[in-house]
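Structural overview
Here are the chains, one letter per residue:
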Amino acid sequence: MATAREVAIRIKDVSHQFGEPGDMRFARALQQTSLDIMRGEMICLIGPSGCGKSTLLNAIGGLMRPTAGTVEVGGKPMRGPLPREIAFVFQESALFPWCTVIENVELGMVFQGVARGERADRARKSLEAVGLKEFMSHYPDQLSGGMRQRAALARALSLQTGILLMDEPFGALDEQTRMILGEDLSVLLARAAKTIVFVTHSLGEAVFLADRVAVFSARPGTVKAIIEVDEPHPRKPAFVTTDKFAQLRNKLYGLLHDEIRKAAELAVAAEPAP
Amino acid sequence: MIAPRQRRDALMSRGLQLGFLLALILLWYFATASGRINPVLLPNPLTVWHNLVQVLRSGEYWPDLQVTLSEIAVAFAISCVNGLLLGYLISRSQYLIAVFEPLLAGIYSIPMILFLPLFVLFFGLGSWSKIALGAVISFFPIALNTIAGFGYVDRILIRSARSMGASNAQLLRYVLLPAALPVVLTGLRIGFTVTVLAVFGSETIASFAGLGHRIAQLADAMETARMFAYIAFAVVIAAVLNALMAVVESRARRQ
Amino acid sequence: MSAYNPWRALQREFACRLWLVRLIVIAGLLAWWEIAARYWVDPQFLSPPSRVLLSLPSLFGTKGVPAALWITLWELTLAFVIAAAIGLALGLAIGLSQLPRRSFVPIILLLYGTPQITILPLFVLYFGIGPASKIAFGVSHGIFPIIVTVVAGVQNIKPILVVAARAMGASRWQVFRWVIFPHMIPSFFVGLRLGMAGVLLGVLLAELYVSSAGIGYFTQMFTESFDPTKLLGLISLLAVMAITCNGLLRRAELHFQRWRVN
């Protein structure tokens, strides 16, 4: 199936720091990070806390400009959000609490500039696709965490962008919900043929969902290694029990463990003395 | 260490505040100095200042201030005693709280200034009508806060004290009082502020003495400059009283 | 232990129906008022509620009283609408950008805390003894809680909501219209409830102060002629007006609390 693929997102020598040296809040989030993301692939960014994965995601999405380096999407450097090409799913529910689920999905399209007639139609279709057909007129606070993230995903999908950026979308959910959502996501995305960048903390999730996994070092973050997961989409739930899965997961663990330790030590060192 | 950007923002907002206030004062001065505005309506700030200094130096404010302060003191004392006592008694029982708290809150929501004419009917235009109004209005926040303070003490504290053999008196002294104190003190502070407002208000409307009355009297006599001076004086007095009460509250809390 | 304790059963009945107990308490207070006014207190000073109620028609028959009440109601309505409009406008203007908010909120809070009653004579001096001064004083009391709550409603929005909207391509106007404004509505209605209380206070204070016309004229007249019946009647009607206004605003506030996050 794979032919010569084009680069959808090119990240070149991106570095980012918050504040100036000497500021209380100064932090170097990313250091000389480079990565080419291919069109149609699903890539996971994984690494210890504070390694800059979310920062990089925001930079890719045009929500912020890195202090050094460039991010190119479709060959053009990123200067701001590209709502027609890039859609986001955030960790905390970014659903508007005063709108019903379907109103939330439609509102995204209002911002994007979709015609009125088409909005309702697309909204209904994407909500059905994520399994929320019966909950369209509910308010976000009436839904469980997992359902809220499904709604957020539906909103992102309805925008029909080529690229989907997901920042730990299942981070706030319990293990079982994550598992179910992960399996459903794999099915959904296999149909959708989008370029997806997915930030996560979970090793299992990364191996299960991604084509490639980019492992980040501790802060200041940079890509330490890239692992390929050669398994056809959609991923079967049984994949998790195979030896291949275990091997890949162990490899990830090995790469990550030291970085996680390093990050923990950095965190302790950064705390003010009692 | 504050980042340079934060310091700059703080300076800018402080600058804008001062600039705004300065602009207002200058506008006031030039509007009146130009002679376009009737000095009876808006006196010159310098004239007001002159009047204020005169009032302060001559001690002319003293009788009115005495009346106002004594009314506030007596009214507050009455509402304190009643509010604390009744509040405490109601707080002894969850049932009583459930019955009376909403009632008290409901009555408090009526603008009680309406009762002033009734008190004037009872007590005449003298100090007692102001004291009555002040006492009645400030009773409510004190009682409500006392109920809240004593009534919602964490049950677990009471249970553990009892399990260690505390008597009723000991329970009151060592558990209930310290736990309830912050909320009760807040109620006293609010009650005090309300007393000050009620006394000023009722003096303005129906009285023959006191700072509020003086201001109203000067308005009737169209002596606007002096009235402005008294208004400034009254506002400062109110601010000082409230600040004193706030200090008392925070000192008592620290005990 | 007895199987059926009538006293306990009665207690349980009352425990479940708190509203009934409260009603009984209020009825008790009214009864106490009735008895005290009839038998203990000089009729020059206090009137029993029964007499007050029965004399209401005569109160309405008194020349000028219905007009005064009606005008007061109009003053309340107008003052509230103006206070809501100005409060909303100023609140948005201050709340939406950082610099005005940091600079002006302390000033607003300072003004909110000063005893406005001291400048009531000034209002009447400027606006006259007619409805204008009452409305102005009412507005002056009502705008502050509205401004403060609108500013808070605009400021405490979760940043992620604005980020998400921008990421989906919302323009600044769209962010305001579809995100910030709806988010601010519950706070706005809390402010409106508090503002209503302020407007009530301001208008009534001004009305009582001006003794040459309106409600103040009649309260003074009834006081001086030692007519507690008519005075209590008038006060009761005004109290009912106040309770109704507050009640309406409270309902409105609760209605718009529906999705409130905190």
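Only a predicted model underlies this, so the values are computations on that prediction, with no experimental measurement involved.

Criteria and thresholds
Residues numbered from 1 in each chain as written. Chains lettered and ligands numbered in written order. Predicted model: local features only at pLDDT ≥ 70, side-chain atom pairs only at ≥ 80, totals over all residues. Helix = DSSP H or I, 4+ residues; strand = E, 2+ residues; numbered from the N terminus. Rg over C-alpha atoms; globule rule 2.2 N^0.38 Å. Buried ≥ 20, exposed ≤ 12 C-beta atoms within 10 Å, placed from the backbone. Contact = placed C-beta atoms within 7 Å. Domains from an automatic or database assignment. Core = buried A, V, L, I, M, F, W, Y, C linked by C-beta atoms within 7 Å. Axes fitted to C-alpha atoms, helices over the stretch in contact; angles between N-to-C directions. Parallel < 35°, antiparallel > 145°, perpendicular 65-115°, else oblique. Left-handed = near helix turned anticlockwise from the far one by under 90°. Nonpolar A, V, L, I, M, F, W, Y, C, P; charged D, E, K, R; others polar. Pairing = 2+ DSSP bridges.

1. Topic: the overall build of chain C
Scanning chain C from terminus to terminus reveals 12 helices and zero strands. Secondary structure elements of chain C, listed N to C terminal, follow the sequence α-α-α-α-α-α-α-α-α-α-α-α. Computed over the C-alpha atoms, the radius of gyration of chain C is 24 Å, more than 25% above the 18 Å expected from 2.2 N^0.38 for a compact globule of 262 residues. Buried residues in chain C amount to 41% of all 262 residues.

2. Comments concerning the overall build of chain A
Helices and strands together make up the secondary structure of chain A, namely seven helices and 10 strands. For 274 residues, the compact-globule estimate of 2.2 N^0.38 gives 19 Å, and chain A sits close to it at 19 Å. Expressed as lengths along the three principal axes of its C-alpha atoms, the size of chain A is roughly 55 × 45 × 45 Å. Expressed as a percentage of its 274 residues, the buried residues of chain A come to 43%. At a minimum sequence separation of 6, the contacts of chain A that also span at least 24 residues come to 72%.

3. Thoughts on the domain arrangement of chain A
We note that the domain assignment places domain 1 (1-85 + 163-173 + 195-269) and domain 2 (91-160) within chain A. Every contact between the two is made by 10 residues of domain 1 of chain A and, on the other side, eight residues of domain 2 of chain A.

4. Focus: unusual backbone geometry
Across the chain, the bulk of peptide bonds are trans and the bulk of non-glycine residues have phi less than zero. All names here are of chain A. A cis amide bond links Arg-219 with the next residue in sequence, Pro-220, at an omega value of -5°. Relative to the assigned elements, Pro-220 resides in the loop between β9 (212-216) and β10 (223-228). Phi at Gln-32 is positive, roughly 45°, even though this residue is not glycine. Note on placement: Gln-32 falls in strand β2 (residues 27-38). For Gln-32, a count of 14 C-beta atoms within 10 Å translates into the label partly exposed. Residue Glu-168 is not a glycine yet carries a positive backbone phi of 45°.

5. Some points on the nonpolar core
Counting residues in hydrophobic clusters, the biggest one holds 201 residues, and the most contacted among them are Cys44(A), Val213(A), Leu200(C) and Leu205(C). Element by element, the count of residues in this core is highest for helix α10 (residues 172-209) of chain C, at 18 residues. Excluding residues that lie within four positions of it along the chain, Val213(A) makes contacts with Cys44(A), Ile46(A), Ala206(A), Val207(A), Ile226(A), Ile227(A), Val229(A) and Leu252(A).

6. Digging into the environment of Cys245(C)
Residue and element names in this part refer to chain C. The topology assignment puts Cys-245 in helix α12 (residues 228-255). Looking at Cys-245, the number of C-beta atoms within 10 Å reads 20, which means it is buried. Separated by 200 residues in sequence, Cys-245 and Phe-45 place their C-alpha atoms 29 Å apart. Once residues lying within four places of it in the same chain are set aside, the contact partners of Cys-245 are Leu-76, Met-196 and Leu-200.

7. Focus on the packing of helix α3 (residues 62-91) of chain B against helix α8 (residues 168-205) of chain B
Residue and element names in this part refer to chain B. Where α3 contacts α8, the axes come no closer than 9 Å and their chain directions differ by 135°. Here α3 is positioned oblique relative to α8, judged by the angle of their axes. Like other packed secondary-structure pairs, α3 and α8 cross with a definite hand, here right-handed. For the pair α3 and α8, the contacting residues are Thr-68, Glu-71, Ile-72, Ala-75, Phe-76, Ser-79, Cys-80 and Gly-83 in the first and Leu-188, Gly-191, Phe-192, Thr-195, Val-196, Val-199 and Glu-203 in the second. Classifying every residue of the contact of α3 with α8 gives eight nonpolar, five polar and two charged.

8. As for the interface of chain B and chain C
How big an interface is tends to be expressed through the accessible area that disappears when the partners come together. With 37 residues of chain B at the interface, the matching set in chain C holds 40 residues. Secondary structure elements with two or more residues in the side of chain B that touches chain C: α1 (4-33), α4 (94-108), α5 (116-123), α8, α9 (211-220) and α10 (224-254) of chain B.

9. Focus on the sheet that holds β2(A)
All names here are of chain A. Strand order across the open sheet formed by four strands is β2-β1-β4-β5, with antiparallel pairing between neighbours. Lying at the two open borders of the sheet, with one neighbouring strand each, are β2 and β5 (76-77). Sheet strands touched by helix α1 (residues 53-60): β1 (7-18), β2 and β4 (68-73). Its angle to β1, the strand with the most contacts, is close to 125°.

10. Digging into the domain arrangement of chain C
Residues and elements named next belong to chain C. Per the domain assignment, the segments of chain C are domain 1 (6-54) and domain 2 (59-255). Counting residues at the interface gives six residues for domain 1 and six residues for domain 2. Its residues placed into classes, the side of domain 1 that touches domain 2 shows three nonpolar, two polar and one charged.

11. Some thoughts on the environment of Ile35(C)
Residues and elements named next belong to chain C. Within the secondary structure, Ile-35 is located in helix α2 (residues 18-40). Judged by the 12 C-beta atoms lying within 10 Å of it, Ile-35 is exposed. Ile-35 sits 205 residues away from Val-240 along the chain, and the two C-alpha atoms are 23 Å apart.

12. A few points about the packing of helix α6 (residues 98-113) of chain C against helix α8 (residues 131-155) of chain C
Residue and element names in this part refer to chain C. For the pair α6 and α8, the least separation of the axes is 10 Å and the interaxial angle reads 145°. The handedness of the crossing between α6 and α8 comes out as left-handed. For the pair formed by α6 and α8, the contact residues are Arg-101, Val-105, Ile-108, Leu-111 and Tyr-112 on the first element and Phe-144, Ile-147, Val-148 and Val-151 on the second. The class makeup of the residues in the contact of α6 with α8 is eight nonpolar, no polar and one charged.

13. Quick word on the sheet that holds strand β3 (residues 42-46) of chain A
Residues and elements named next belong to chain A. One open sheet accounts for six strands, arranged β6-β7-β8-β3-β9-β10; its pairing is mixed. Edge positions in the sheet fall to β6 (86-89) and β10, since each of these pairs with one other strand and no more. Across the sheet, the mean angle from the axis of one strand to that of its neighbour is 20°, orientation sign disregarded. The sheet contact formed by β3 and β9 spans four bridges and is parallel. Considered in β9, the bridge of Ile-46 is made with Val-215.

14. Thoughts on helix α7 (residues 155-163) of chain B
In terms of burial, α7(B) is largely open, as just zero of its nine residues are buried. Where α7(B) ends, the next residue or the one after it, Gly165(B), has phi of about 90°, a positive value.

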